[in-house]
Amino acid sequence: MRAHCLHLGWLLVLGCSSPTGEVDLADASVPDARTRDGGASNDGTVDVGADAAAEADAWFDPPRGFTAMPMVFPEPQWAERYPVPCYLDNVVACAALRFAGGVAVGDVDGDGLPDVLFTHFDAPNALYLNRGDFVFERQHVPAFEDARLSNGAAFADIDNDGDLDLVVGVMGDAQTQLFVQHAPLHFVEEGEARGVALPTGDLHASMSQCFGDYDLDGFLDLTTSAWRPVSDTDQRTGNGLFRNLGAMAPGSFSDVTDALGLRAENTRALGVPGAWGFTPALVDLDGDGRPEFVQTADFETSRLFWNEAAPEDGMAFLDGTSEAGVGTEENGMGAAFGDYDNDGDLDYFVTAIFDDDCRRGEDCYWGRSGNRLFRNEGGRRFVDVTDAAGVRDAGWGWGARFFDFDLDGDLDLVATNGIRHTTPDTGYETDPIKLWRNEGDGTFVDVAAELGLVDDGVGRAVVPVDLDGDGDLDLVVTHTLDPPLVWRNDAAEIRSWLVVDPRGTSSNRDGYGAEVRVWPTADATPMVRLAGNGCGFLGNDPGRPHFGLGTHETVARVEVRWPRSGQIQNFFDVPARTVLRVNEPVDE
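Residues numbered from 1 in each chain as written. Predicted model: local features only at pLDDT ≥ 70, side-chain atom pairs only at ≥ 80, totals over all residues. Heavy atoms only, no water.

**Q** Lay out the overall build of the protein in plain terms, naming residues and giving numbers.
**A** A count of helices and strands for the protein gives four helices and 42 strands. Looking at the protein as a whole, 62% of its 588 residues are labelled buried. In the protein, of all internal contacts separated by at least 6 residues, the share reaching a separation of at least 24 is 57%. Looking at the protein as shown, the accessible area adds up to about 20,700 Å², and 49% of this sits on carbon and sulfur atoms. (Helix = DSSP H or I, 4+ residues; strand = E, 2+ residues; numbered from the N terminus. Buried < 20%, exposed > 50% of the residue type's maximum accessible area, 1.4 Å probe, protein only. Contact = heavy atoms within 4.5 Å. Areas by Shrake-Rupley, 256 points an atom, 1.4 Å probe, with all protein chains shown as cover.)

Rendered as structure tokens:
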């Protein structure tokens, strides 16, 4: 089926209000800040001709790599200095205060530009509205003025009402916060009323927060992580899975961690029981359309649970960590999922600690063997290809993400790193950020310094996001004590790109879990991206499928498979350099 389409500048709306793929022109909209017009034809579509393509080429700067954008976000996320004061009730738990630096990205005001929220310690969380061209305006939000020790955060439309809500984990505070957006930029904190506060009686040490629809009911569920010891294994931490009650109570949640066998508090580390989660995820790794539950965690406690049952059969998860061949790292911290080898399934990268002195037998209490890259072989099996790929050493690793920075069609890899609580001679305080370019043959080469991506601060979250609307992905990096950094991506020369923006009707409105495949030419191997795959250590973005197209100015075919309805839509001869908005067909 060839869909009728409306192409307005950079925005292409397809497929949308009916199963036939016909488009209601009244639904089309383009943010003024980034509209580019081609020539209109008699049928109401827009012809992207040679002149428009040449104009688009002119938008790309000559290849210079990455350009630091100083003072875009000037405020440090924590004004304290080392040694870190202990806000928690346990000396081991207090180590978690060194792991802070949360950031959440999303179009909060609905103008088509990604806005950015930074969490803060002992200060209000800061929401910056994107005004275009790397100009951001701090927005006063009364609900955020209650200063907390905030950490990982995520935007998502939890009630399918068309706007973004916000979850924020806390450190040294009593409960997770959930801010519901009831009117434009009017948020109300309702964590306790909506079932995600998790008041355990102890202070939280929250890490990352991630969304996904694990039960395929069309509403986003929430998974959380925390790093802290417990006095006994019955004590809860912030590691868990919260089911959205859906149509019965949209945007309210029930803690199903125990019911689904996902408790993590019975693992021991540093001589005490605890839960040591850093990066959770709800992501489909076996291609059956049902998201798995993955918790990347410290002290050899990472776990992969396969999603075993359709909602009508009753939910069940199976711990398949050992059989899958994952979880072998000593200190799992950040996680990234992406099809780096273009074989049609998602692979799994984990940051950890590399210490060559420890590997030679010197004494240290942390792990030593570094990162892991697990290549997905299908059949619920992964193979460790870390050394073959050349991505073992990122120092003391933290956040990581797959993204195609050079728009050549394969996924590259970025990782932040650094820590200050070790002795200075370890060098971890000045770990340089890593940017591994995918060579297309299963190997990666670190090109960070070569391309001007230089940061030897103590990095935490990293989020690839197109802040300026030019089609390539820029980088936002947070630090525990220092201001966040932003790099503009100028590395893609004049290469083309495509972004797919799925909007669910039967599936969740944000389209999380929609599988998108792109064929640049009819006989090409398709590239695959998973919508909503935007969660990393302390950093979260919508995870809109983004494809580098090289020199192709037209995409032969785009396929979208919807997570709840199972419907598949195909679109042909799609212009490059566009955001393709695809609405899920309405069930009849």
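**Q** Account for empty space enclosed by the protein, naming residues and giving values.
**A** Applying the stated criterion across every chain, the model contains six cavities of 30 Å³ or more. When its volume is computed, the largest cavity comes out at roughly 190 Å³. Lining the largest cavity are 19 residues, with Leu282, Val283, Leu530, Gly532 and Asn533 sitting closest to its centre. Broken down by secondary-structure element, the contributors of at least two residues to the lining of the largest cavity are β15 (206-212) and β20 (272-283). Residues of the lining of the largest cavity, tallied by class, amount to 11 nonpolar, six polar and two charged. (1 Å grid on protein atoms, 1.4 Å probe; cavity = no way out; pocket = protein on both sides within 12 Å on 5 of 7 lines; lining within 4 Å. Points joined across faces, edges and corners; volume = space filled by probe spheres on them. Nonpolar A, V, L, I, M, F, W, Y, C, P; charged D, E, K, R; others polar.)

**Q** Go over the sheet that holds strand β32 (residues 459-465) with me, naming the residues and quoting the values.
**A** Strand order in this open sheet of four strands is β5-β34-β33-β32, and the pairing throughout is antiparallel. Strands at the two margins of the open sheet, each flanked by one partner only, are β5 (65-68) and β32. Ignoring which end each strand starts from, the neighbouring axes of this sheet average 25° apart. Relative to strand β34 (residues 485-490), strand β33 (residues 474-479) is paired through three bridges, and the arrangement is antiparallel. Among the inter-strand pairings, Leu475 is bridged to a residue of β34, identified as Trp487. (Pairing = 2+ DSSP bridges. Axes fitted to C-alpha atoms, helices over the stretch in contact; angles between N-to-C directions.)

**Q** Kindly report on the side chain of Thr176, identifying the contributing residues and their values.
**A** If you trace the backbone, Thr176 turns up in the loop between β12 (165-170) and β13 (177-183). Filtering out sequence-adjacent residues up to four positions away, Thr176 remains in contact with Val167, Val168, Val170, Glu189, Gly191, Val196, Ala197, His204, Ser206 and Gln209.

**Q** With reference to specific residues and values, describe the state of the cysteines.
**A** Scanning all chains against the criterion turns up one disulfide. Here Cys210 connects covalently by a disulfide to Cys535, the sulfurs 1.6 Å from one another. An S-S torsion of about -45° defines the bridge between Cys210 and Cys535 as left-handed. With a gap of 325 residues between them, Cys210 in strand β15 and Cys535 in the loop between β37 (527-530) and β38 (539-540) connect regions that are remote in the sequence. Given the relative accessible area of 1%, Cys210 is considered buried. (Disulfide = S-S within 2.5 Å.)

**Q** Could you give me a rundown of the pairing of strand β6 (residues 103-106), with the residues and numbers involved?
**A** Residues Val103 and Val105 of β6 are buried on one face, and the alternating residues Ala104 and Gly106, pointing to the opposite face, are buried as well. The pairing of β6 with strand β7 (residues 115-118) spans four bridges and is antiparallel. Bridging across to β7, Val103 finds its partner in Phe118. For β6 and β38, the ladder comprises two bridges, and the chain directions are parallel. Bridge pairing in β38 places Ala104 opposite Asn540.

**Q** Got a sec to walk through unusual backbone geometry? Specific residues and values, please.
**A** Despite not being glycine, Asn160 shows a phi value in the positive range, around 55°. Within the secondary structure, Asn160 is located in the loop between β11 (148-156) and β12. On the accessibility criterion, Asn160 (25% relative accessible area) is partly exposed. Positive phi values are uncommon outside glycine, yet Phe299 reaches one of about 55°. Residue placement: Phe299 occurs in the loop between β21 (292-297) and β22 (303-307).

**Q** Explain the pattern of salt bridges to me, and be specific about the residues and the numbers.
**A** Considering all chains together, one arrives at 27 salt bridges under this definition. Between Arg392 and Asp387 there is a salt bridge, with its nearest N and O atoms 2.6 Å apart. Here Arg392 falls in the buried class, since its relative accessible area comes to 14%. With a relative accessible area of 56%, Asp387 lands in the exposed category. Put simply, Asp284, Glu515, Arg517 and Arg561 are held in one network by salt bridges that share partners. (Salt bridge = Lys/Arg side-chain N within 4 Å of Asp/Glu carboxyl O.)

**Q** Report on the pairing of strand β26 (residues 372-378), specifying residues and quantitative values.
**A** Bridge count between strand β25 (residues 347-350) and β26: three bridges; the pairing is antiparallel. When the bridges of β26 are listed, Tyr348 appears paired with Phe374. Pairing of β26 with strand β27 (residues 381-384), which is carried by four bridges, proceeds in the antiparallel orientation. Its bridge partner lying in β27, Phe374 is registered against Asp384. Count of turn residues in the β26/β27 antiparallel hairpin: two residues, of which Gly379 carries a positive phi of about 65°.

**Q** Give a detailed account of the packing of aromatic side chains, specifying residues and quantitative values.
**A** Counting across every chain of the model gives 25 aromatic pairs. Where Trp276 meets Phe299, the ring centres are 5.3 Å apart and the plane angle is 85°; that geometry is what we call edge-to-face. On the criterion of sequence distance, the pair formed by Trp276 in strand β20 and Phe299 in the loop between β21 and β22 is long-range, its members being 23 residues apart. Exposure class is identical for Trp276 and Phe299. Each is buried. Above the ring of Trp519, the side-chain terminus of Arg557 is found at 3.9 Å from the ring centroid. (Phe/Tyr/Trp six-rings, centres within 6.5 Å; stacked < 30°, edge-to-face > 60°. Lys NZ or Arg CZ within 6 Å of the ring centre and 35° of its normal.)

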